[in-house]
Amino acid sequence: MALTLSGCATSGRFAAPNYPVLPADLTICFTDDTLVPKPAAGTMDKKKVLLLIADLKASETSKTDCGRRLITFYETLATRSGT
C-alpha cells in the first residue's frame, strides 16, 4: 500500500504545452500601434468626423480580418492535434 500512495516521481506534474509561435501578422494586429488615435479635444468639422469614421471602419475591418485569420490558425492547430 505504501508503494501505491507514494506514486511515481512525476505524479501530479504536467509537461508545459508546446505551442507553435504565433505568426507575426497576427501578433501585430492587436497591438496599441494599430489603434485609431483619439481625436483632439474640441469641436470637429464635418471633414474630420468623416475621416475619423473612415479610419475607424478601416480599423474594424482590419481587426475582423485578423480575428478570422487567428481563428483559422487555432482551428488548424486543433485539427493537427486531433481535438
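A. Fine view of the overall build of the protein. A tally of helices and strands in the protein yields three helices and zero strands. Ordering the α and β elements of the protein from the N terminus gives α-α-α. Summing over all exposed atoms, the protein offers an accessible surface of approximately 7,400 Å²; the carbon and sulfur share of this is 64%.

B. Layout of the side chain of Ser59. Mapped onto the secondary structure, Ser59 falls in helix H3 (residues 46-81). When near neighbours in sequence (up to four residues on either side) are disregarded, Ser59 contacts Thr34 and Val36.

C. Representation of the environment of Ile28 in the model. With respect to the secondary-structure elements, Ile28 resides in helix H2 (residues 24-29). The spatial distance from the C-alpha of Ile28 to the C-alpha of Cys66 is 9.3 Å, given a sequence separation of 38 residues.

D. Highlighting a nonpolar patch on the surface. On the surface, a cluster of nonpolar side chains totalling about 320 Å² of accessible area is made up of Met44, Val49, Leu50 and Ile53. As for its placement among the helices and strands, Ile53 is situated in helix H3. Of the residues examined, Ile53 reaches a relative accessible area of 49% and is grouped as partly exposed.

E. Representation of the environment of Asp55 in the model. Structurally, Asp55 is set in helix H3. Between the C-alpha atoms of Asp55 and Leu35, which are 20 residues apart in sequence, the distance is 9.6 Å.

F. Representation of the confidence of the model for the protein within the structure. Per-residue confidence for the protein gives a mean pLDDT of 84, with 82% of residues at or over 70. When pLDDT is averaged over each helix and strand of the protein, the minimum, 55, is found for helix H1 (residues 2-6) and the maximum, 92, for H3.

G. Broad picture of the state of the cysteines. For the coordinates displayed, the defined rule picks out one disulfide. The disulfide that involves Cys29 links it to Cys66, with 1.8 Å between the sulfurs. On the S-S bond that ties Cys29 to Cys66, the torsion sits near 105°, and the link is right-handed. Taken together, the positions of Cys29 in helix H2 and Cys66 in helix H3 put the pair 37 residues apart, joining distant regions of the chain. Judged by relative accessible area, which is 11%, Cys29 ranks as buried. Exposure remark for Cys66: the relative accessible area of 0% places this residue in the buried category.

Definitions and limits used
- Residues numbered from 1 in each chain as written.
- Predicted model: local features only at pLDDT ≥ 70, side-chain atom pairs only at ≥ 80, totals over all residues.
- Heavy atoms only, no water.
- Helix = DSSP H or I, 4+ residues; strand = E, 2+ residues; numbered from the N terminus.
- Areas by Shrake-Rupley, 256 points an atom, 1.4 Å probe, with all protein chains shown as cover.
- Contact = heavy atoms within 4.5 Å.
- Patch = residues over 30% accessible without salt bridge, like charges linked within 9 Å, V, L, I, M, F, W, Y side chains within 5 Å.
- Salt bridge = Lys/Arg side-chain N within 4 Å of Asp/Glu carboxyl O.
- Buried < 20%, exposed > 50% of the residue type's maximum accessible area, 1.4 Å probe, protein only.
- pLDDT = per-residue confidence, 0-100.
- Disulfide = S-S within 2.5 Å.

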